[in-house]
Amino acid sequence: MAGLAAVATASRRRTALARAASAEAEEGVPRRVALGLGGTALLLTTLKRFAIDGPPEFDPKPNSMSGKTVLITGGNTGLGRESAVRLAKAGATVVLTTRSEAKGKKAVEEVKAASGSSDVHFLKLDLADLKDVKAFKNCFTSQDYGKRIDVLMNNAGVMAIPERQETKDGFEEQLGVNHLGHFALTGELLPLLQKAPSARVVVVSSTAHLGANKELMEGDLMAPERYTQWGAYCQSKLANVLFAKELNRRLQEAGVNATAVSCHPGGVDTDLARWTISPDGDPQKATQLRKDTPWADALATFLTRSVQLGANTQVYLAAGGDGGYKKSGGEYFDNMAPGLLNPVANDQALAKDLRTKQRRQNYVTESWMKIIEDYVFSIIQLYSFVHS
Ligand SMILES: NC(=O)c1ccc[n+]([C@@H]2O[C@H](COP(=O)([O-])OP(=O)(O)OC[C@H]3O[C@@H](n4cnc5c(N)ncnc54)[C@H](OP(=O)(O)O)[C@@H]3O)[C@@H](O)[C@H]2O)c1
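Cut-offs used in this document
Residues numbered from 1 in each chain as written. Predicted model: local features only at pLDDT ≥ 70, side-chain atom pairs only at ≥ 80, totals over all residues. Pairing = 2+ DSSP bridges. Helix = DSSP H or I, 4+ residues; strand = E, 2+ residues; numbered from the N terminus. Near = placed C-beta within 6 Å. Nonpolar A, V, L, I, M, F, W, Y, C, P; charged D, E, K, R; others polar. Buried ≥ 20, exposed ≤ 12 C-beta atoms within 10 Å, placed from the backbone. Right-handed = clockwise from strand over helix to strand, strands pointing away. Contact = placed C-beta atoms within 7 Å. Expected span 1.5 Å × (residues − 1). Arc of directions from axis to C-beta. pLDDT = per-residue confidence, 0-100. Axes fitted to C-alpha atoms, helices over the stretch in contact; angles between N-to-C directions. Parallel < 35°, antiparallel > 145°, perpendicular 65-115°, else oblique. Left-handed = near helix turned anticlockwise from the far one by under 90°.

Further remarks concern the sheet that holds strand E6 (residues 258-264). Spatial ordering of the open sheet is given by E3-E2-E1-E4-E5-E6-E7-E8, a layout of eight strands whose pairing is mixed. One side of each edge strand has no neighbouring strand; the edge strands of this open sheet are strand E3 (120-124) and strand E8 (337-338). Pairing analysis gives four bridges linking strand E4 (residues 151-154) to strand E5 (residues 199-204), with the strands arranged parallel. Each residue of the ladder has a partner; that of Asn 154, found in E5, is Val 203.

Right under this line is the structure:
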């Protein structure tokens, strides 16, 4: 009997121990899950805060831009519109460019409402049409505000068009809009920049410039057989950096009181990815398609910074946050500090070659050759004018 009792006691103890262990395990699962989730959330928050979002919003001091005229290309949406709001808030006269009158009127209303400034204007400009670019200076100077430009922000851009497209003048679209259109525009507007006591050209490039190597920049840049949707974007963004450096070098050489700088805004939640989402590149369809796929929308939102944070570096440079327009000539910025630069961007021979190549290529018509020669050399003529 005693033996039986001992066995029963031992069995009860085992059961009790097993129950206790199981209860502890049950309690441990939620605790481990909670710890795991907490750790992941912390990691993701840290990643978002430091690697994706970058520094907190930079706002130039109120009135710090008073008396300055800022021209921003591509001002109806994304980084251009946000830059317009922030610079208008700081007292600048802001002129934004848009591709249509309707977009321009809407953008001006939005920027006025968000900034509280009434000194906001728009002018039509299609950078994919050199005639439009050529006509722009007269449109600008015929306005009351059109006496001079203190800051030219070359911001407009297109990214990753799947099939090769051409501008009205026969340039490959991405290089044509992102670089050549702005190159021509800057050349045309140099006399107005020279009228400012101290001026600055801010070229909005991208970290995608790191994706372009020397081979990509050599030969016929816009040859149809060489086209890839990302290759052309990277090429155009390296051309932006090269242009800012070369322009700055020439401005200093000519003794012009102006600097040119370039920058990367970060990966920003704007309409820029329109071509990677909607087959026809329509921003409204792209937005709708994103909304229709909530997980993709959430992922895209997580992986990009807000437009407010994205506009930081170009606003910082436009406001002379780096110490004034005389500083940082030719430099490339990211997160409001000198950024990681492609060594090819320091290749002066390539920068010069890029310029001469623009006139030597023969994949477009003679009339195009004439137009681009006029533009390319308008810059040089202006430099000689300054020298004389
Ligand atoms: N968002 C990013 O993650 C990111 C990253 C690196 C660099 N960037 C650079 O930041 C700049 C601004 O881009 P975003 O992100 O603000 O893109 P976005 O929201 O798509 O804005 C682009 C602007 O460029 C205009 N534009 C396009 N083609 C034009 C043309 N042919 N003539 C005149 N304007 C034209 C657009 O006008 P429509 O609305 O009429 O098309 C729009 O106003 C670009 O240079 C881009 O390469 C952006």
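Turning our eyes to something else, we now look at the site of the ligand. Taken together, 28 residues are adjacent to the ligand, and Gly 74, Gly 78, Ala 156, Gly 157 and Thr 270 come closest. Among the elements that make up the shell around the ligand, the one with the highest residue count is helix H2 (residues 78-89) (three residues). Its residues assigned to classes, the shell around the ligand shows 12 nonpolar, 12 polar and four charged.

A positive phi angle is found at Ala 160, which is not glycine, with a value near 55°. Among the structural elements, Ala 160 can be located in the loop between E4 and helix H5 (173-194). Residue Ala 160 is classed as partly exposed on the basis of its C-beta count, with 19 C-beta atoms lying within 10 Å.

On to the pairing of E5. A large share of E5 lies buried, amounting to six of its six residues. Alternating positions in E5 separate into two faces, Ala 199, Val 201 and Val 203 on one and Arg 200, Val 202 and Val 204 on the other, with burial throughout. Each parallel crossover has a hand, and for E4 linked through H5 to E5 it is right-handed. Examined bridge by bridge, E5 and E6 share six bridges and lie parallel to one another. Bridged to Ala 199 within E6 is Ala 258.

Tracing the sequence through the fold places Asp 53 in helix H1 (residues 2-53). Considered as a pair, Asp 53 and Ser 306 are 253 residues apart in the sequence and their alpha carbons are 7.4 Å apart. Not counting chain neighbours up to four residues away, the residues in contact with Asp 53 comprise Lys 48, Arg 305 and Leu 309.

For the rest of this paragraph, the subject is the pairing of strand E1 (residues 69-72). Side chains on a regular strand alternate between the two faces of the sheet. Residues Thr 69 and Leu 71 point to one face of E1 and Val 70 and Ile 72 to the other, with burial holding for every one of them. Looking at chain direction, E1 and strand E2 (residues 93-98) are connected through four bridges and run parallel. By the bridge assignment for E2, Ile 72 is matched with Leu 96. Regarding the hand of the β-α-β motif, the stretch spanning E1, H2 and E2 is right-handed. Relative to E4, E1 is paired through three bridges, and the arrangement is parallel. What sits directly across from Ile 72, in E4, is Met 153.

So, about helix H7 (residues 229-253). Given a rise of 1.5 Å per residue, 25 residues ought to cover 36 Å, and the 36 Å separating the end C-alpha atoms of H7 matches this to within 8%. The buried fraction of H7 is high, at 18 of 25 residues. Looking one or two places after H7, you find Gly 255, whose phi comes out positive at around 70°.

Moving on: helix H4 (residues 130-141). All of the buried residues in H4 are Leu 130, Val 133, Phe 136 and Phe 140. Within H4, the buried residues cover an arc of 80° as seen down the axis, which keeps them to one side. Within H4, the exposed residues directed more than 90 degrees away from the buried face are Lys 131 and Asn 138.

Detailed reading of the predicted coordinates is not advisable wherever pLDDT falls low. Looking at the protein chain, pLDDT values average 87 and 83% of them are 70 or higher. Across residues 362-369, confidence stays below pLDDT 50; counting only partners more than four residues off in sequence or on other chains, it has nine contacts. Scored below 50 in pLDDT, residues 379-388 shows 11 contacts in the model against residues more than four places distant or in partner chains.

Structurally, Ser 115 is set in helix H3 (residues 101-115). A C-alpha to C-alpha distance of 8.6 Å links Ser 115 and Ala 90, two positions 25 residues apart in sequence.

This part is about the packing of H4 against H5. The contact between H4 and H5 brings their axes to 9 Å, and the two run at 25°. By the angle between their directions, the pair H4 and H5 is classed as roughly parallel. Seen along the crossing, H4 lies across H5 with a hand that is right-handed. Across from Leu 130, Val 133, Lys 134, Phe 136 and Lys 137 in H4, the residues of H5 making contact are Gly 181, Ala 184, Leu 185, Glu 188 and Leu 189.

This brings us to the environment of Asn 248. Residue placement: Asn 248 occurs in helix H7. A tally of 23 C-beta atoms within 10 Å means that Asn 248 is categorised as buried. In the structure, Asn 248 is positioned 10 residues away from Ala 258 in sequence and 7.8 Å away in space, judged by C-alpha atoms. Each residue touching Asn 248, except ones within four places of it in the same chain, is listed here: Thr 259, Ala 260, Gly 329 and Gly 330.

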